[in-house]
Amino acid sequence: MGVPVQIHVNGTRRTDAVEPRLLLVHYLREVCGLTGTHVGCETSVCGACTVLVDGKAVKSCTMFAVQADGCRVTTIEGLAANGALHPVQEAFWERHGLQCGYCTPGMIMTAVQLLEDTPRPSREQIAHGLKGNLCRCTGYTHIVDAVAHAAAKR
Amino acid sequence: MSTITTEKVGYVGKAMKRLEDPRLLKGLATYVDDLRLPGMLHAAFVRSPHAHARIVSIRSETARAKPGVVGVFTGADVNAHCGVVPCAASQPDMKAPKHTVLAGGRAYFVGHPVAVVVATTPYLAVDAAEAVEVEYDPLPAVVDPEKALEKGSPLTHPDLGTNVAFTWNLAGGDIDAAFKNADRVIRQRMYHQRLTPMAIEPRGCVASFHQGEGTLTLWTSTQIPHLIRTLLPGMIGVAENKMRIVAPEVGGGFGSKLNLYVEEALCSYLAMHLGAPVKWIERRRENAAATIHGRDQIGYYEVAVKNDGTILGLRNRTIADLGSYLQLLTPAIPTLTGLVLTGSYKIPAVKMEAIGVYTNKMATDAYRGAGRPEATYLIERLMDLVAGELGLDPIALRRRHFPTPQEFPFNTATGLTYDSGNYDGALRKAMELARWDELVRRREARRREGALSGIGVSTYVEICGMGPSKAMMAGGWEWGCVRMEISGKVTVITGATPHGQGQETSFAQIVGDRLGVPIEDIVVLRGDTAVAHYGRDTYGSRGTAVGGGAIVMCIDRIVEKATRLAAHLLGAKPDQVVFQEGRFGLRGGAGKQLGWGDLAGEAYIAKNLPPGFEPGLEASAFFEPPNFTFPFGTHICVVDIDRDTGEVDIVKYIAVDDCGNQINPLLIEGQVQGGIAQSIGQALYERTVYDENGQLLTGEFTDYAVPRAEDIPEYVLGSTVTPTTSNPLGVKGVGEAGTIGATPAIANAVLDALRPLGVKHLDMPFTPEKIWRAINQRT
């Protein structure tokens, strides 16, 4: 009953047979074993499951794996190059942009696209760009600081 | 208390980035849902869609026939094998329903688990759960806790014969004299709305039973693995010493994971019964419906005052909506409100009657602040109401009731002894940072233009560092262990269970400084009862205040032991040995110096030890705090309100918090900011809504409005430092300060903005609709 899909995940081309109803986030977590992408709400509100699909930040809990057929998907595990943290990851570390860490992967993936689109964002633009990602620990201030810090370092 | 003082500025006091972060940043941390065990099965729950209903029948044949289904279990199958969910707080007259793991003959709230399906994959488990047919006979639901007290009200639990769970009374000072001598009595009803904690990681657990050893391992997203290890044996009959509870990475708790939940007990039982590991991951809708809620108190407050503003006494009747069951600390929450009722003020007489009421809703329990936000909100609102009635300056009114720094330890009429404080110092600093006079000028100018603008102040105090065992339900101490390894590396184990607060870093800072060891050589372990053998976990802002105390005791013991060993190796007496920055040498500097590597090697190889010297270099300790800690501070909020839309805009926010000595100011700032954000949520957006039938209307993030990045103003944050005497670190705890101090500052600002319209009080949240109605009814 599986539908064949070819998906580039973090630079590796994979061929898998998946159930048509399998959500992309579950494909990444259960089939690929990449558990860095988290599920927080299943209604695309919280953004914990955000990954990049062909370079765009997408909530992987509301996309089917079959819809990603032929796409390039980047998850949090694919962001650090050769073990070195991505500048956005580094900035979250330096500015204490995380506490429990659960929203962090999604928050970082959204921030990565935000900085691609707007390399020098204002704080208002950062906050607006992160409105699809919920964090209950930090109160966002340090997250906005982190994204601004990452932008300044570019 | 400590024998070692740190002269040198080392790690402690520095804003250091966290040691725990790389794994979290790379997506390589392990939360419960990330666990994979061979042969693992998946559970999905069937939950009541009704607030109150008789369960007529449960038909599971269709579900059982679905692919991958291993079993379908109802209350009739499991309740006899799993004991009732424990409640640690009791009241003398308490009436409690039997809280079985699955509903018996009745369902008592929307989300009440009625059956559980176990299948080979999560998708198949959900498919089968949807195929379980439950026939309900809906019954009248008890929703309004005040109506629940009226004669003839339907009963939440008919077998209890009443909706009243308990009454609790607190009295201090001469309340009758206070009201007799009062020139005026100011009265206000306030409703502290129900909130949903909404940790971004829902709950979840994996239970695995080793048939050969008879041991159960439960990985669960919890704040309290040790308390679960104490309580779960009573439910499922596995002995405490055959049980290992692991809190792996936990994605936010805020009190909502300070509980033993039915799902944890049931998955444990099913793992034993089925002989396979069982995993359950809560979905958001389940989280909103069946993980504890917070707050939900209605209070009728009366303040006895003299015309000059002197407050003589405070009296109230509080109705606490408990929901349908008592979770771990449900009845304790209103009592915490009572204890800090008088806030940071000298109020000589107090009386409180709290009535715990059952309703057909999810249980309320400890949500970040737990009882103290309610108290702080009401006393801070009352200060503004009193000031407003008497035409006094709210700042001056607060000041005249502050105890002075010399009056500490300060005894309150509620029976507490506040450890230390300089309330006026924090207030002054906040006013300076706020540029108070400019704020007032701005407000007056805006008012002249016809705009709605307000300034709100909250000068809070809270109870933290929970707590002295005499005042706690089941031990308020904390356990820790520090081991100097043979390699000179240091392993620190804490029984507090940090889950995002950052003690993997702050404890390493403490140990690094006090042992003189590079922080890179220190590892802090937590959260696994097989590693952290004993503990009382994280809640009530106790992690550093109490857990840190245990670590300091361990350090002192290790240094003392190492000093004896060093003396032996140096051919001297222990009192001739000086320990400084990780080196042991003779007083005066003669002879060679020994480092930790030298001493650890000797201690473990054990060929050249002093007579009677126990090998090894490890110490564990239980730290018993002599008192709570009482952090305090001043929050100032400035709001503008849009007359046309009723929208509240936080223009400026200033907070000065005093949490005693600071281990890592960066982490403290994070705690404060996170807490204020939750306060902004409570003040402006959040409320848990059940309709008149007890149907939950806020079951998702789409309906329950937690703040987003755009909702957060820029803060001006400051601090004062008044160390506590309750622990050797002098730290007070800061995890809940923001949710306690900030809500009333925002509320007071909103109501100050509405004062020119004659609005004296509104209940939270101050949604645009509520504000708009208030504006338009009165203008």
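From a predicted model like this one, the values you see are computed outputs, not experimental measurements.

Some points on the overall build of chain A
Then, in step 1: Looking only at helices and strands, chain A features 5 helices and 5 strands.
Then, in step 2: N-terminal to C-terminal, the α/β element order of chain A is β-β-α-β-β-β-α-α-α-α.
Then, in step 3: Each principal axis of the C-alpha atoms in chain A carries an extent, and together these give about 50 × 30 × 25 Å.
Then, in step 4: Residue burial in chain A is summarised as follows: out of 154 residues, 56% are buried.
Then, in step 5: Within chain A, contacts between residues at least 6 apart in sequence are counted, and of these 59% link residues at least 24 apart.

Side note on the overall build of chain B
Then, in step 1: On a plain count of helices and strands, chain B comes out with 20 helices and 28 strands.
Then, in step 2: Taking 779 residues into account, the globule formula puts the C-alpha radius of gyration at 28 Å, and chain B, at 28 Å, falls close to it.
Then, in step 3: With the principal axes as the frame, chain B shows a C-alpha extent of 85 × 75 × 45 Å.
Then, in step 4: Burial statistics for chain B: of 779 residues in total, 59% are counted as buried.
Then, in step 5: Once local pairs closer than 6 in sequence are excluded, the contacts in chain B between residues at least 24 apart make up 81%.

Here's the deal with the sheet that holds strand E9 (residues 204-210) of chain B
Residue and element names in this part refer to chain B.
Then, in step 1: Taken in spatial order, the 7 strands make up an open sheet running E3-E5-E1-E12-E9-E10-E11, and their pairing is mixed. Two strands bound the open sheet, and with one partner strand each, they are strand E3 (69-74) and strand E11 (243-246). Mean inter-strand twist for the sheet, computed between neighbouring axes without regard to direction, equals 20°.
Then, in step 2: Sheet analysis places strand E1 (residues 41-47) next to strand E12 (residues 278-281), joined by 2 bridges and oriented parallel. By the bridge assignment for E12, Leu41 is matched with Val278.
Then, in step 3: Along the sheet face, helix H4 (residues 122-131) touches E1, E3 and strand E5 (113-119) and points at about 25° away from the line of E1.
Then, in step 4: Helix H8 (residues 262-274) contacts E1, E3, E5, E9, strand E10 (215-220) and E12 of the sheet and is inclined by roughly 30° relative to E9.

Overview of the sheet that holds strand E2 (residues 53-59) of chain B
Residues and elements named next belong to chain B.
Then, in step 1: Read from one edge to the other, the open sheet built from 3 strands follows the order E4-E2-E6, with strand pairing classed as antiparallel. The sheet is open, and its two edges are formed by strand E4 (106-107) and strand E6 (133-138), each paired on a single side.
Then, in step 2: Where E2 meets E6, 6 bridges bridge the pair, whose relative direction is antiparallel. Paired with Ser57 across the strands is Glu135, a residue of E6.

Considerations on the domain arrangement of chain A
Residues and elements named next belong to chain A.
Then, in step 1: Along its sequence, chain A is carved into domain 1 (3-77) and domain 2 (87-153).
Then, in step 2: Taking only C-alpha atoms, the centre of domain 1 and the centre of domain 2 are 21 Å apart.
Then, in step 3: Counting from both sides, the interface comprises 15 residues of domain 1 and, opposite them, 12 residues of domain 2.
Then, in step 4: Counting residues per element, the ones that place at least two in the side of domain 1 that touches domain 2 are strand E3 (50-53) and strand E4 (56-59).
Then, in step 5: A total of 3 residues in the side of domain 1 that touches domain 2 trace back to one element, the largest contributor, which is E3.
Then, in step 6: In terms of residue class, the side of domain 1 that touches domain 2 is made up of 8 nonpolar, 6 polar and 1 charged.

With respect to the domain arrangement of chain B
All names here are of chain B.
Then, in step 1: Under the domain assignment, chain B is made up of domain 1 (21-28 + 468-623), domain 2 (32-139 + 198-290) and domain 3 (420-461 + 629-779).
Then, in step 2: Contacts between domain 1 and domain 2 engage 16 residues on the former and 19 residues on the latter.
Then, in step 3: Per-class residue counts for the side of domain 1 that touches domain 2 are 5 nonpolar, 8 polar and 3 charged.

Looking at the interface of chain A and chain B
Then, in step 1: Contact residues are listed per partner, giving 44 residues for chain A and 40 residues for chain B.
Then, in step 2: Elements represented by at least two residues in the side of chain A that touches chain B include exactly helix H2 (87-94), helix H3 (104-117), helix H4 (123-129) and helix H5 (141-153) of chain A.

Section: the pairing of E2 of chain B
Then, in step 1: The pairing of E2 of chain B with E4 of chain B spans 2 bridges and is antiparallel. Bridge pairing links Ala53 of chain B to Ala107 of chain B in E4 of chain B.

Overview of the packing of helix H15 (residues 503-515) of chain B against helix H16 (residues 543-570) of chain B
Residue and element names in this part refer to chain B.
Then, in step 1: Orientation of H15 relative to H16, taken along the N-to-C sense of each, is 30°, at an axis distance of 11 Å. Judged on the interaxial angle alone, H16 and H15 are roughly parallel. Both H15 and H16 take part in a crossing whose hand is right-handed. Taking contact as the criterion, the partners of Gln503, Ser506, Phe507, Ile510, Val511, Arg514 and Leu515 in H15 are, on H16, Gly543, Thr544, Gly547, Gly548, Ile551 and Ile555.
Then, in step 2: By residue class, the composition of the contact of H15 with H16 is 6 nonpolar, 6 polar and 1 charged.

Describing helix H18 (residues 665-685) of chain B
Then, in step 1: Counted at 1.5 Å a residue, the expected span for H18 of chain B with its 21 residues is 30 Å, and the 29 Å between its end C-alpha atoms agrees.
Then, in step 2: Among the 21 residues in H18 of chain B, 19 count as buried, and that is most of the element.

Digging into the environment of Lys346 of chain B
Residues and elements named next belong to chain B.
Then, in step 1: Following the sequence through the fold, Lys346 ends up in the loop between helix H10 (333-339) and strand E15 (349-358).
Then, in step 2: With 16 C-beta atoms packed within 10 Å, Lys346 lands in the partly exposed category.
Then, in step 3: Sequence separation between Lys346 and Ala683 is 337 residues, and the spatial gap between their C-alpha atoms is 27 Å.

Digging into the nonpolar core
Then, in step 1: Residues Ala43, Val117 and Val511 of chain B are the most contacted members of the largest nonpolar core, which totals 307 residues.
Then, in step 2: Tallying contributions element by element places H16 of chain B first for this core, with 13 residues.

Looking at the packing of H18 of chain B against helix H19 (residues 737-754) of chain B
Residue and element names in this part refer to chain B.
Then, in step 1: Here H18 crosses H19 at 45°, and the two axes come no closer than 7 Å. Classified by the interaxial angle, the pair formed by H18 and H19 is oblique. Classified by chirality, the crossing of H19 by H18 is right-handed. Contact residues: H18 offers Gln671, Val672, Gly674, Gly675, Ile676, Gln678, Ser679, Ile680, Gln682 and Ala683, while H19 offers Ala737, Gly738, Thr739, Ala742, Thr743, Ile746 and Ala747.

Reading the values: rules and limits
- Residues numbered from 1 in each chain as written.
- Chains lettered and ligands numbered in written order.
- Predicted model: local features only at pLDDT ≥ 70, side-chain atom pairs only at ≥ 80, totals over all residues.
- Helix = DSSP H or I, 4+ residues; strand = E, 2+ residues; numbered from the N terminus.
- Buried ≥ 20, exposed ≤ 12 C-beta atoms within 10 Å, placed from the backbone.
- Contact = placed C-beta atoms within 7 Å.
- Rg over C-alpha atoms; globule rule 2.2 N^0.38 Å.
- Pairing = 2+ DSSP bridges.
- Axes fitted to C-alpha atoms, helices over the stretch in contact; angles between N-to-C directions.
- Domains from an automatic or database assignment.
- Nonpolar A, V, L, I, M, F, W, Y, C, P; charged D, E, K, R; others polar.
- Parallel < 35°, antiparallel > 145°, perpendicular 65-115°, else oblique.
- Left-handed = near helix turned anticlockwise from the far one by under 90°.
- Expected span 1.5 Å × (residues − 1).
- Core = buried A, V, L, I, M, F, W, Y, C linked by C-beta atoms within 7 Å.

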